[in-house]
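Architecture at a glance
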Amino acid sequence: MASNATAGPQQPGAAYTFQDQDKDLRRHTFAVIVDNEPGVLARVIGLFSGRGYNIESLTVSTVTEDESVSRINIVTTGTAMIIEQIKAQLNRLVPVHNVHDLTIEGPSVEKELALVKVRATEHQRRESLRIADIFGATVADTTLESFVFQISGSQDKVNSFIELMRALGETEVARSGIVAVSRGAQITTV
């Protein structure tokens, strides 16, 4: 029987990784409407990094005709308490107009765009075209040794496509991150 005494003391986890394993972690998508001015994105990201919250996906774009307001889509994971803390702290930032937790506000549409370059041999090139057709990906560029595919859809769909392309040859991936909007007729006010 092996003794645990020789294994040495266990090191504590980092402050950022302390979480009660019994708590239910959930993925949430936020739409944060902010003034489009220098430093706003840095303040939002600083809020996450300063408290040890992870950002899984981040997209930013202007959403008004005069480009004075931007929408930041953020995907993060946390317990219900952490998600509420994130929302409250985001709402306190001065350039933030409003924060929408699309995960709890009702059904939403989430899409992601990816460009996937795959370098493959002749047989693998044919197979990559067949897989791209099945996934609805389009050829954005081609050379004698490679293809660049453009694919959009759910994060799971994009992940599955990338996994299959990696099995065919060397790949390079560029992803947009999640873009999300609530379903239905209600429009998010600016």
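Located above this text is the structure these notes cover.
Calculation notes
By convention here, each chain's residues receive numbers from 1 onward along its written sequence. Side-chain atom pairs in this predicted model are given and counted only at pLDDT of 80 or more, local residue features only at pLDDT of at least 70, and totals for whole chains, interfaces and linings cover all residues. Remark: hydrogens and water are excluded; side-chain values derive from all non-hydrogen atoms of the structure. Numbering goes from the N terminus for both helices and strands, where a helix is a DSSP run of H or I of at least four residues and a strand is a run of E of at least two. Any residue under 20% of the maximum accessible area for its type is buried, any over 50% is exposed, and the rest in between are partly exposed; the area is computed with a 1.4 Å probe on protein chains only. Residues count as neighbours in contact if any of their non-hydrogen atoms are within 4.5 Å of one another. As used in this record, nonpolar core signifies buried Ala, Val, Leu, Ile, Met, Phe, Trp, Tyr and Cys residues forming a set joined through side-chain atoms within 4.5 Å. Within this document, salt bridges are pairs made up of a side-chain nitrogen of Lys or Arg and a carboxyl oxygen of Asp or Glu, the two lying within 4 Å of each other. The span one expects for a helix is its residue count, reduced by one, times 1.5 Å. The definitions used throughout rest on a 1 Å grid laid over the protein atoms alone, on which a cavity is an enclosed set of points accommodating a 1.4 Å probe that cannot get out and a pocket is an open set flanked by protein within 12 Å on both sides along at least five of seven lines; lining residues are those having an atom within 4 Å of a point. Grid points are joined across faces, edges and corners, and a volume is the space filled by probe spheres set on the points. In the scheme used here, Gly and all other residues not listed as nonpolar or charged are polar, with Ala, Val, Leu, Ile, Met, Phe, Trp, Tyr, Cys and Pro taken as nonpolar and Asp, Glu, Lys and Arg as charged. Two rings belonging to Phe, Tyr or Trp (six-membered ring only in the last case) form a pair when the distance between their centres is within 6.5 Å. Interplanar angles under 30 degrees mark stacking, angles over 60 mark edge-to-face geometry, and anything in between is tilted. Only Lys NZ and Arg CZ are tested; either one counts as a charge over a ring when it is within 6 Å of the ring centre and within 35 degrees of the ring normal. The angle between two axes is taken between their N-to-C directions and runs from 0 to 180 degrees, where each axis is a line fitted to C-alpha atoms and a helix contributes only its stretch in contact. For classification, angles of less than 35 degrees are called roughly parallel, those exceeding 145 degrees roughly antiparallel, those between 65 and 115 degrees roughly perpendicular, and all remaining angles oblique. Under the rule applied, a polar contact is a pair of N or O atoms within 3.5 Å (in protein, one hydrogen donor and one hydrogen acceptor; residues adjacent in sequence only if both atoms are side-chain atoms). Should DSSP find at least two bridges between two strands, the strands are taken to pair. Helix crossings fall into two classes, left-handed where the near helix is turned counterclockwise from the far one by less than a right angle and right-handed where it is turned clockwise.

We now examine the overall build of the chain. When helices and strands are counted, the chain shows 5 helices and 9 strands. Of the regular secondary structure in the chain, the N- to C-terminal order runs β-α-β-β-α-β-α-β-α-β-β-α-β-β. The buried share of the chain, reckoned over its 190 residues, is 34%. In the chain, of all internal contacts separated by at least 6 residues, the share reaching a separation of at least 24 is 71%.

For the rest of this paragraph, the subject is the nonpolar core. Ranked by internal contacts, the top residues of the largest apolar core, which has 17 residues, are F30, V32, V44, F48, I74, I86 and L90. Among the secondary structure elements, those contributing two or more residues to this core are β1 (26-35), α1 (40-50), β3 (69-78), α2 (80-92) and β4 (96-101).

Right, let's talk about the pattern of salt bridges for a bit. The final tally for this structure, using the stated rule, is 8 salt bridges. Among the ionic pairs, K117 bridges to E172, the shortest N-O distance being 3.6 Å. Placement of K117 in strand β5 (residues 108-119) and of E172 in strand β8 (residues 170-175) is noted, with a sequence separation of 55 residues between them. Looking at K117, the relative accessible area reads 36%, which means it is partly exposed. Because the salt bridges share partners, they merge into one network encompassing E84, K87 and D101.

The next subject is unusual backbone geometry. Positive phi, close to 60°, is recorded for E67, a residue that is not glycine. Mapped onto the fold, E67 is located in the loop between β2 (55-62) and β3.

A rise of 1.5 Å per residue sets the reference length of α2, with its 13 residues, at 18 Å; its end C-alpha atoms lie 19 Å apart and thus fit the reference within 8%. Check the buried side of α2 and you find it contacts β1, α1, β3, β4 and α3 (102-105).

Rolling a probe over the atoms, with the probe sized like a water molecule, indicates the empty space that remains. By volume, the second largest pocket is sized at about 180 Å³. Considering the residues around the second largest pocket, the lining is formed by 13 residues, among which H100, E105, S182, Q186 and T188 are closest to the centre. Residues belonging to the lining of the second largest pocket are distributed by class as follows: 4 nonpolar, 7 polar and 2 charged.

Further remarks concern the packing of aromatic side chains. Within the structure shown, the criterion is met by 4 aromatic pairs. Judged by centre distance (5.4 Å) and plane angle (35°), the ring pair of F147 and F149 falls under tilted. A relative accessible area of 0% means that F149 is categorised as buried. Aromatic rings pair up to connect F135, F147, F149 and F161 into one cluster. We note R125 situated over the ring of F147; from NZ or CZ to the ring centre the distance is 4.2 Å.

In this section: the packing of helix α4 (residues 122-135) against helix α5 (residues 155-168). Between α4 and α5, whose axes approach to 10 Å, the crossing angle comes to 170°. Considering the angle they form, α4 stands roughly antiparallel to α5. Packed against α4, whose contacting residues are Q124, E127, S128, I131, A132 and F135, the element α5 presents K157, S160, F161, L164, M165 and L168 at the interface. In terms of residue class, the contact of α4 with α5 is made up of 7 nonpolar, 3 polar and 2 charged.

This part covers the side chain of E112. Structurally, E112 can be placed in strand β5. Here R175 takes part through its side chain, which lies 2.8 Å from a polar atom of the side chain of E112.

Bridge count between strand β6 (residues 138-142) and strand β7 (residues 146-153): 4 bridges; the pairing is antiparallel. Residue pairing across strands places D141 opposite V148, the latter belonging to β7. The loop that links β6 with its antiparallel partner β7 comprises 3 residues.

It is the contact of α1 with α2, at a shortest axis distance of 11 Å, that shows an interaxial angle of 145°. Viewed along their axes, α1 and α2 form a crossing whose handedness is right-handed. When α1 is examined against α2, the residues V44, L47 and F48 are found in contact with a partner set consisting of I86, Q89 and L90.

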